[in-house]
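Spelled out, the chains give:
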Amino acid sequence: MVAGIQNNSQYDMSHSNKDTLFNISRVEEDFVFSERVVEVFDDMIDRSIPFYAQVIESSAQLLDRFLAEGDSVYDLGCSTGSSLLELSRLAQTKNLKFIGIDNSQPMLDKAKLKTELFSKQDQVSFYLEDITEFKHKEAGAIILNYTLQFIRPLLREEFLKLLFKNLRPGGIVLISEKVISHDRRLNRAYIDIYHQFKKSRGYSELEIAKKREALENVLIPFSVEENKAMLRESGFTSVETYFQWFNFSSTIAIKPV
Ligand code: GEK
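> Explain the pairing of strand β6 (residues 238-245) to me, and be specific about the residues and the numbers.
A regular strand places its side chains on the two faces of the sheet in alternate fashion. Where β6 meets strand β7 (residues 248-254), seven bridges bridge the pair, whose relative direction is antiparallel. Pairing of F243 across the sheet is with S250, part of β7. Hairpin connection between β6 and β7: a loop of two residues separates the two successive antiparallel strands, and F246 in this loop has a positive phi of roughly 45°.

> Break down helix α8 (residues 224-233) for me, citing the residues and quoting the values.
Considered for burial, the residues of α8 that qualify are V224, N227, K228, M230 and L231. Projected onto a plane normal to the axis of α8, the buried residues spread over an arc of 160° and lie on a single side. Opposite the packed face of α8, turned more than 90 degrees from it, sit the exposed residues E225 and E233. Check the buried side of α8 and you find it contacts α5 (153-166), β5 (167-178), β6 and β7. Just downstream of α8 lies G235, where phi reads positive at about 115°.

> Give me the lowdown on the sheet that holds β5, citing residues and values where you can.
What the seven strands build is an open sheet, ordered β3-β2-β1-β4-β5-β7-β6; its pairing is mixed. In this open sheet, the two strands that pair with only one neighbour each are β3 (124-128) and β6. Neighbour-to-neighbour, the strand axes of the sheet open up by a mean angle of 15°, direction not taken into account. Two elements, strand β2 (residues 97-102) and β3, share five bridges in a ladder whose sense is parallel. Residue pairing across strands places I99 opposite S125, the latter belonging to β3. The strands that helix α2 (residues 52-66) touches are β1 (72-76), β2, β4 (139-145), β5, β6 and β7; relative to β5, the one it contacts most, it runs at about 170°. Packing of α5 onto the sheet brings it into contact with β1, β4 and β5, and relative to β5 it is tilted by some 145°.

> Run through the packing of aromatic side chains, naming residues and quoting values.
With the rule as written, the count across this model stands at 12 aromatic pairs. On the numbers, 5.5 Å between centres and 70° between planes, the contact of Y190 with F246 is edge-to-face. With Y190 in helix α6 (residues 184-200) and F246 in the loop between β6 and β7, this pair connects stretches of sequence that are 56 residues apart. Classification of Y190 as partly exposed rests on a relative accessible area of 24%. Under the relative-accessibility criterion, F246 is labelled partly exposed at 32%. Among the aromatic side chains, those forming a connected cluster through ring pairs are F51, Y52, Y146, Y190, Y194, F197, F243, W245, F246 and F248. Directly above the aromatic system of Y203 lies the positively charged group of R47, at a separation of 4.1 Å from the ring centroid. The ring of Y203 is capped by K198, whose NZ or CZ atom sits 4.8 Å from the centre of that ring.

> Residue-level account of unusual backbone geometry, with values.
One non-glycine residue, N95, lies in positive phi territory at about 55°. Take N95: it is sitting in the loop between α3 (82-90) and β2. The exposure class assigned to N95 is exposed, which follows from its relative accessible area of 54%.

What counts and what doesn't
- Residues numbered from 1 in each chain as written.
- Predicted model: local features only at pLDDT ≥ 70, side-chain atom pairs only at ≥ 80, totals over all residues.
- Heavy atoms only, no water.
- Pairing = 2+ DSSP bridges.
- Helix = DSSP H or I, 4+ residues; strand = E, 2+ residues; numbered from the N terminus.
- Buried < 20%, exposed > 50% of the residue type's maximum accessible area, 1.4 Å probe, protein only.
- Arc of directions from axis to C-beta.
- Contact = heavy atoms within 4.5 Å.
- Axes fitted to C-alpha atoms, helices over the stretch in contact; angles between N-to-C directions.
- Phe/Tyr/Trp six-rings, centres within 6.5 Å; stacked < 30°, edge-to-face > 60°.
- Lys NZ or Arg CZ within 6 Å of the ring centre and 35° of its normal.

If you want it as structure tokens, here you go:
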């Protein structure tokens, strides 16, 4: 393991099998969030996303600072609920309501199971919905952790405008993404460093290459600048990076009061 990189959320390791999905010789189809993926998902996230726990911790600090008593926090593309459960543990002072949305029923089944396991049902709930049709009004915060990258590029700006509309004045969006650099040398270097990270977490060269192939048409990263420009275009005024590790970046955007 790379020194100092640890994902230690207490909510991400329950009921997860080891991810060996791409220990295969041929990729038969593009990546989908199927039941097979859900079975290994928490292990996959734990070993594939650098500083996952630290990003959630930083996000909790921002929620604590910017949200008001009783605000609602929406996690779009919440998967098995790991980040929402962790946020509900870390951001406890303002009686916040946590709502996870995903369009994968198997993901939400697992999220609900984990929520019950940790007796969090009063604080954390889940909806099976398409996030591009988000219609929950007066949100205090909307979180997109590694999810915007799966929305079709042509739809992304309209989607961010929809989120802007549904936030209350002063509400925030927190977006964490895999990103690209338009500097070709830096881009190559960042990707190599990320692959070293995955190797250090136990993935073989073959698994890394096959996963990359399966994600090729599905996960389409933008640069930090492109994401920030889209947020400003959508009406957000304060837009800043709050975390970055090579080709992974987290951004906060605030809706003006
Ligand atoms: C985490 N945020 O643990 N509507 C609803 N859900 C969607 C849509 C859509 N249109 N498109 C994709 N999803 C999580 C990790 S994973 C990222 C997020 C990854 C959902 C999809 O079902 C999946 O659960 C999630 O977005 C993306 O921090 O696997 O790399």
